[in-house]
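# Breakdown of the fold
Read off the chains here:
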Amino acid sequence: MRRIIPLFIITVSLFGCESSQQVSQDPLEQKIDSIMSKMSLTEKIGQTAQRGTSSRVKGALSEELKTAVREGRVGSLINVMNKDFVDELQRIAVEESPNGIPLIFARDVIHGFKTIFPIPLGQAATWNPELVEAGARVAAVEASTYGVRWTFAPMLDISRDPRWGRIAESPGEDPFLASELSAAYVKGFQGDDLSDPSSMVACAKHFVGYGAAEGGRDYNTAIIHEPLLRNVYLPPFKKAIEAGVQTFMSGFNELNGVPVSGNQFLLDQVLRQEWAFDGFVVSDWNSVTEMIAHGYCADEKDAAYKAARAGVDMEMTSQSYDKHLQELIDEGKLDVNQLDRMVRAILRVKFRMGLFEQPYRIDNEEVVLSEDHLKKAKDAALQSIVMLKNEEDILPLKTSQKVAVIGPLANAPLDQLGTWIFDGDQDDSVTPLTSLKEKLTANRVKVAAGLDYSRDRSTAQFSSAVNAAKQSDIVLFFAGEEAILSGEAHSRAHINLPGAQEELIKEIRKKTKKPIVLIIQAGRPIVLENILDDVDAVLMAWHPGTMGGPAIVDVLLGDYNPSGRLPVTWPKSVGQVPIYYNYKNTGRPAREESFVGIDDIPIGAWQSSLGNNSHYLDDGFRPQYPFGYGLSYTSFEYDNLKVSEDSLNSNGELKVSFELTNTGVLPGVETVQLYIRDHVGTITRPVKELKKFQRVVLNPKETKTLELTLSSSDLKFYNAENEFVLESGQFSVFVGANAQNTMKKDFWVR
Ligand code: GLC
């Protein structure tokens, strides 16, 4: 955040004309002043260049790159994953370039470096910011060993569309949960001291609106009116700044007609003027020059101009700044003060990172994949698993049961790691099959994959899978998506289980009648409409990372009571998408009592006799599973919801209390959720908005009285004039286990 810096204006008259130079009293700004005064225009432009290759530098270090670094024409490098190259390039920058300005080495360390944690959507299902922070810390400690001091994470794109491949990297659909996780990631990556060589600068990306890509098609158009932008899409980014994030990344998408990498409203008005962000903004991969394809820029020079003018301080991989900034300044089209501001922001972060004092990486190889790191990864995987169905308590498995291990993800060490793992190694993965063989005696485990990979359409192995099921008491069907079916550029129009997985499940059901437990590993909610009635239990493990196997098996055996809760709404069908919990009521809200399903419509029904409301005749209006949903091996009861008064008190607070009881026979964790509704606003308000949540551990039959405090700022929103306001009127507070199942109390803001 910008600090109030005492500025002394020294006015000197040079050759009869007066010029004034601002001299800061802030020691950091003085260091920047000093180095800036020695830098040539070429060097200044050099700091705005991030060079690199996709995923990793292969072969020898190019002489051209070394020369560019030596001449101070590079500010940062991406994907240099060879320690010797990192050391050599940094040595050249520090010892041979004109002003010895160190490089920042960057990498996508999204959910782990060597020790891979669940994909971010899975980590969001833990609803546990402390656990997410711990995972980010592990990633920073491991990656910095390889010289990586800047990660392009956290990805903070609110996503309401599971067709979008990058929902896997997202914190889900809710701005409050996403904001809590945003702060956790930033604190974890950056640590308590940015100058600590084990810290990594975080990067709030992709600023902004990428998750609203039309149709869930990656890189596509986002149209978001400003109040929605400010109430839903911007909050996680603002929270990242409050947590001290030092960089932002502008995205690929256009927002309301202007590509975000050239969007002055976002990068200057919101980010710099309103939020006083004083770190720097990097573009996404070639997103500056892609503004030509967008039809927003005529050519590379125009792209350089519009990106620099808007506030992109560093250009990732494309080289329009390298080629055209000097020209733009010589022509007077771009003010050199704008370039100085860009370079100051980059140097400010480099100074904060301590790079001028300690530019070289510290080799700390023994921490990589340490026992402690693997334990943290397993904890994250355990807490990310969401139990969606458990008919007749078919789970946990009974000690004597023989299990048939079937399905393409039972032993898929690469796929369980998920998308965006550049440095994770499948050889380090512990798969569910490996764990089952460790925990169960050999005579209890029958293995027959039935399919070799998630897209496999061959039925050649079906009979062996059916036989394995016949010889067992219960089927563990490990289904899902290969890792490559989600992530960047991997949107899907049909989000059922790919390949012949559904057919195999139905074949087993038809031929054996054995109970089936479906364990899904995927990067998105999977539509289960064709098979949900054929399975008795469903676990969603997302892509659970290196320790996904032991985590899944602990849940199957009852050694861990599942506690994950959905961070996204789970649709019945792709036709329901977009579907999310914080929707608007509309003038004709869908209602159970007036809904007539397609099969209940009388033949020859009169046109207007179907309860004219906002729903689908075939798939109704409820999702398969609501936001915040998840089952446990025990059960919880909510009771006695009270509010401290019928309106906000003079301190602008309202105490909300309730009782929570573990009514089952096992200890368990319940994530209690508190939502509000503002019934009447100057713009329409969502039917629910998450405002508080808390993980509560309860022993069997234990009751706790919990109290959560709502403040007036929790009730504020951005109105049509983009003012952050609290409006008087009727409100409701909801407390419960998920967005659909809550107790309710009304109160007033007077
Ligand atoms: C990619 C992604 C971005 C990533 C960057 C560098 O295309 O959009 O999230 O950080 O390029 O790999």
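Residues numbered from 1 in each chain as written. Predicted model: local features only at pLDDT ≥ 70, side-chain atom pairs only at ≥ 80, totals over all residues. Heavy atoms only, no water.

### What about the overall build of the protein?
We apply this condition: Only DSSP runs of H or I covering at least 4 residues are called helices, and only runs of E covering at least 2 are called strands; the numbering of each starts at the N terminus. Think of it in three bands: with a 1.4 Å probe and only protein chains considered, a residue is buried below 20% of the maximum accessible area for its type, exposed above 50%, and partly exposed in between. The contact criterion used throughout is that any non-hydrogen atoms of two residues lie within 4.5 Å. Areas reported here follow the Shrake-Rupley algorithm with a probe of radius 1.4 Å; residue values treat only the protein chains shown as occluding.
When its secondary structure is counted, the protein shows 19 helices and 27 strands. With the C-alpha coordinates aligned to their principal axes, the bounding extent of the protein is approximately 95 × 65 × 55 Å. Scored against the burial criterion, the 750 residues of the protein give a buried share of 61%. Counted over contacts in the protein with a minimum sequence separation of 6, partners at least 24 positions apart contribute 77%. Within the structure as shown, the protein displays about 28300 Å² of accessible surface, and the carbon and sulfur contribution to it stands at 49%.

### Digging into the pattern of salt bridges
Side chains that differ in sign of charge can pair as their charged atoms come close. Cut-off, in case you're wondering: For this analysis, a salt bridge means a side-chain nitrogen from Lys or Arg found within 4 Å of a carboxyl oxygen belonging to Asp or Glu.
Taken as a whole, this structure holds 52 salt bridges when the rule is applied. The residue Asp646 makes a salt bridge to Arg750 at a minimum N-O spacing of 3.7 Å. Of this pair, Asp646 sits in the loop between strand 19 (636-643) and strand 20 (653-662) while Arg750 sits in the segment after strand 27 (742-749), and the two are 104 residues apart along the sequence. With relative accessibility at 46%, the residue Asp646 sits in the partly exposed group. Among the charged side chains, a network of salt bridges with common partners joins Arg70, Glu88, Arg91, Glu95 and Glu96.

### Let's talk about the domain arrangement of the protein
Rules: The split of the chain into domains comes from an automatic or database domain assignment. Here the buried area means the combined drop in accessible surface, using a 1.4 Å probe, for two parts upon being joined, counting both sides. Here a polar contact is recorded for every N or O atom pair within 3.5 Å, except that within protein the pair must consist of a potential hydrogen donor and a potential acceptor, and residues adjacent in sequence are included only if both atoms are side-chain atoms. Residue polarity follows a fixed list, in which Ala, Val, Leu, Ile, Met, Phe, Trp, Tyr, Cys and Pro are nonpolar, Asp, Glu, Lys and Arg are charged, and the others, Gly among them, are polar.
Domain boundaries assigned for the protein yield domain 1 (41-52 + 62-352), domain 2 (374-557) and domain 3 (636-749). Inter-centroid distance (C-alpha atoms) of domain 1 to domain 3 is 35 Å. Contacts between the two partners involve 13 residues from domain 1 and, on the opposite side, 14 residues from domain 3. Together domain 1 and domain 3 conceal approximately 1100 Å² of surface at their shared face, both sides included; 62% is due to carbon and sulfur atoms. Considering only the side of domain 1, the residues that lose the most area to domain 3 are Trp127, Phe176 and Asn231, jointly responsible for 51% of the buried surface there. Taken together, the links from domain 1 to domain 3 amount to zero salt bridges. If you look at where domain 1 meets domain 3, you find three residue pairs in polar contact (both at pLDDT 80 or more). Listing elements by their share of the side of domain 1 that touches domain 3, those giving two or more residues are helix 7 (175-190) and helix 8 (226-233). Residues of the side of domain 1 that touches domain 3, tallied by class, amount to five nonpolar, three polar and five charged.

### Focus on the site of the ligand
Condition: The nearness test applies per residue and asks whether one of its heavy atoms lies within 4 Å of the molecule or strand.
Taken together, 13 residues lie near the ligand, and Asp108, Arg166, Lys205, His206 and Asp284 sit nearest. With respect to the ligand, the side chain of Asp108 contributes an N or O atom lying 2.5 Å from an oxygen atom. Within the side chain of Lys205, an N or O atom sits 2.7 Å from an oxygen atom of the ligand. Protein chains shield 95% of the accessible area of the ligand, which is 310 Å² for the free molecule.

### Here we look at unusual backbone geometry
Residue Val208 is reached from Phe207 by a cis peptide bond, and omega for that bond is -10 degrees. Of note, Val208 is situated in the loop between strand 7 (203-207) and helix 8. Note that the residue after Val577, namely Pro578, is joined by a cis bond; omega there is 0 degrees. For Pro578, the location among the structural elements is in the loop between helix 19 (548-557) and strand 19. Although it is not a glycine, Asn256 adopts a positive phi angle of roughly 55 degrees. Its place among the elements puts Asn256 in the loop between strand 9 (254-255) and strand 10 (258-259).

### Some words on the sheet that holds strand 19
Cut-off, in case you're wondering: In this scheme, strands are said to pair when DSSP sees at least two bridges between them. Note on geometry: axes are lines fitted to C-alpha atoms, helical ones only across the stretch in contact, with angles between N-to-C directions running from 0 to 180 degrees.
Spatially, three strands are ordered 19-20-23 in an open sheet, and the strand pairing comes out antiparallel. Every interior strand has two partners, whereas the edge strands, strand 19 and strand 23 (703-711), have only one. If you compare each strand with its neighbour and ignore which way they point, the axes differ by 25 degrees on average. Bridge count between strand 20 and strand 23: nine bridges; the pairing is antiparallel. Its bridge partner being in strand 23, Val656 is matched across the sheet by Leu708.

### Focus: the environment of Gly191
Positionally, Gly191 belongs in the loop between helix 7 and strand 7. According to the relative accessible area criterion, Gly191 is partly exposed, its value standing at 24%. Residues Gly191 and Glu133 lie 58 residues apart in sequence; the distance between their C-alpha atoms is 9.2 Å. If near-sequence neighbours (up to four positions away) are discounted, Gly191 is found in contact with Arg137, Val186 and Ser199.

### Examining helix 9 (residues 235-242)
Here is the rule we go by: Read the arc as the range of directions from the helix axis to the C-beta atoms.
Listed as buried for helix 9 are Pro236, Phe237, Ala240 and Ile241. Down the axis, helix 9 shows its buried residues gathered within 145 degrees of arc, on one side only. Contacts from the buried residues of helix 9 go to helix 7, strand 7, helix 8, strand 8 (247-250) and helix 10 (264-274). Positive backbone phi, at 100 degrees, marks Gly244, one or two positions downstream of helix 9.

### Digging into the sheet that holds strand 15 (residues 445-447)
What the six strands build is an open sheet, ordered 13-18-17-16-14-15; its pairing is mixed. The open sheet has two edge strands with one neighbour each: strand 13 (386-390) and strand 15. Between one strand axis and the next, the sheet turns through 20 degrees on average, direction left out of account. For strand 16 (residues 474-480) and strand 17 (residues 516-521), the ladder comprises six bridges, and the chain directions are parallel. Looking at the pairing, Leu476 lines up with Val517 of strand 17. The sheet contacts of helix 18 (residues 501-512) involve strand 14 (403-406), strand 16 and strand 17, and relative to strand 16 the element is tilted by about 170 degrees.

### Structural notes on the nonpolar core
We apply this condition: Think of a nonpolar core as a cluster: buried Ala, Val, Leu, Ile, Met, Phe, Trp, Tyr and Cys residues, connected wherever their side-chain atoms sit within 4.5 Å.
Counting residues in each nonpolar core, the largest one holds 86 residues, and the members touching the most others are Phe207 and Phe248. Among the elements that take part in this core, helix 7 stands out by supplying seven residues, more than any other. Built from parts of two domains, this core gets at least three residues from each of domain 1 (41-52 + 62-352) and domain 3 (636-749). Residues within four places of Phe207 in sequence aside, it is in contact with Leu234, Phe237, Phe248, Met249, Ser250, Gly251, Val260, Leu266, Leu267, Val270, Leu271 and Trp275. One finds Ala168, Leu497, Ile508 and Val538 within the second-largest nonpolar core, a separate group that totals 41 residues.

### So, the packing of helix 8 against helix 9
Rules: An angle below 35 degrees is read as roughly parallel, one above 145 as roughly antiparallel, one from 65 to 115 as roughly perpendicular, and any other as oblique.
Helix 9 packs onto helix 8 with a crossing angle of 50 degrees between their chain directions and a minimal axis gap of 6 Å. Taken together, the axes of helix 8 and helix 9 lie oblique to each other. Along its contact with helix 8, which presents Leu229, Arg230, Asn231, Val232 and Tyr233, the element helix 9 presents Pro235, Pro236 and Phe237. Residues that form the contact of helix 8 with helix 9 fall into these classes: six nonpolar, one polar and one charged.

### Thoughts on the pairing of strand 7
Within strand 7, five of the five residues are buried, leaving the element largely enclosed by the surrounding structure. Judged from the three bridges that link them, strand 7 and strand 8 form a sheet pairing that is parallel. Following the sheet pairing, Phe207 is matched in strand 8 by Ser250.

### Quick look at the pairing of strand 20
By the criterion of burial, strand 20 is predominantly enclosed, with seven of the ten residues buried. Across six bridges, strand 19 lies against strand 20 in antiparallel orientation. Note on strand 20: the bridge partner recorded for Lys642 is Ser657.

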